[in-house]
Amino acid sequence: MSKVSKSLLGLSFISVLGLGLAGCASGTSAQSGSDSSDKSKTITVVFYPNESAKSFAGSRTAIKKAVEKATGKTVKLQTTTDYNVAIQAIASGKAQVAYMGANGYIQAHHKSKDVVPFAAQSDAKGTLKDATYNSYLMVQQKDAKKYEENGKYSIKNVKGKKMSYVSNSSTSGFLVPTAEISREFNIKTSDQDKLTQSGQFFSKVLYGGSHQGSAVNLIKGDADVAAFDDADLMPYLKVTKGSWDKVGSTFTVKDNADAPFTSLTGKSVVNIAMMPVQQGPWVYNTKALSKDDQKKIATEFTSKSFAQNKQIFSEPNAKTPMMFPKKSDKSKLVKVTDKWYAPTHKLVGY
């Protein structure tokens, strides 16, 4: 069993149904899709708020061109400021293709069984075995010592603090961090909703709306602790001590960081906990997208030329990270099915 499977399955006993997950509608399939004339004209690709950021504009344009090349269709890019907008767009069929986190995909699939995954970013060996990215719990550098115990960082002192999540539809910015906190504090299923309510487990609970927004909540001092991931923050933060894969590392806002970090240059944060997260999938709505286009897009996205597109994949330690940061020359998108997301399904509860 892979490292991520062991980690997530180890948390699978924690039900997060009580954590107010957005979009948890009944299991009936949504009335999705559009008529054949719509299918033949335009393909809409929707992105989460994280990937809608200005820093990933070049990657979005390259992806648009790749879909147009594969299908011969006109492609429309839909950026969002709310996770649920993206989830609803793909579940309803108003968008035909989406890039999502594992939690959001499962929510969209729960709304409509027509939403299925077709590709995900590989591990450094070009496989799905260890295809993970990092979820962090971070604090400001000036406060990091408060979270040390016997010379090691711990989350035992987060209780009573001001907490920032990304969105309750986020995998690495909500689902995995709350599972980790629940495990650490032995919080029962019936009491897990307290993690989302100000004045309960935390003195205050905030939602950044994106990984960038959650990080800004922390750096500005609106939160004491924040959850966010690595890939979405690489364009804005640089490692000044340690590494992206090491607990206790220090990350500093780059001098040339784009909004919303332009006024926060030089500020530093420290990760006090790090959890592996299954790579999020590219998905399509099989009712809203023809089988021919499904095949063409999946083939293009998992091709060698797509993996070598420097506007989509950035080289390891690149100064300007793209949407998909490579861990090695073998990094690419690989075929994936719903079955691979079984560990996250267990965390979500369906």
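Residues numbered from 1 in each chain as written. Predicted model: local features only at pLDDT ≥ 70, side-chain atom pairs only at ≥ 80, totals over all residues. Heavy atoms only, no water.

**Q** For the packing of aromatic side chains, give the residues involved together with the corresponding values.
**A** This model, assessed by the stated rule, comprises 23 aromatic pairs. Judged by centre distance (6.2 Å) and plane angle (85°), the ring pair of Phe306 and Phe313 falls under edge-to-face. An identical accessibility class is assigned to Phe306 and Phe313; each is buried. Cluster of aromatic residues (ring-pair linked, three or more members): Phe47, Tyr99, Phe118, Trp282, Tyr284, Phe301, Phe306, Phe313 and Phe324. (Phe/Tyr/Trp six-rings, centres within 6.5 Å; stacked < 30°, edge-to-face > 60°. Buried < 20%, exposed > 50% of the residue type's maximum accessible area, 1.4 Å probe, protein only.)

**Q** Describe the sheet that holds strand S11 (residues 237-241), naming the residues involved and giving the relevant values.
**A** The sheet built from seven strands is open, its strands ordered S9-S8-S10-S5-S13-S12-S11 with mixed pairing. Either end of the sheet is taken by a strand with one partner, and the two such strands are strand S9 (204-207) and S11. The mean angle between the axes of side-by-side strands here comes to 35°, regardless of whether they run parallel or antiparallel. Examined bridge by bridge, strand S12 (residues 250-253) and strand S13 (residues 268-278) share three bridges and lie antiparallel to one another. From the neighbouring strand, Thr252 faces S13, where its bridge partner is Ser268. (Pairing = 2+ DSSP bridges. Helix = DSSP H or I, 4+ residues; strand = E, 2+ residues; numbered from the N terminus. Axes fitted to C-alpha atoms, helices over the stretch in contact; angles between N-to-C directions.)

**Q** Tell me about the environment of Val97, residues and numbers included.
**A** Among the structural elements, Val97 can be located in strand S3 (residues 97-99). Residues Val97 and Leu289, 192 residues apart in the sequence, show an inter-C-alpha distance of 8.3 Å. If near-sequence neighbours (up to four positions away) are discounted, Val97 is found in contact with Ile43, Thr44, Val45, Val46, Ile90, Phe118, Trp282, Val283, Tyr284, Leu289 and Ile297. (Contact = heavy atoms within 4.5 Å.)

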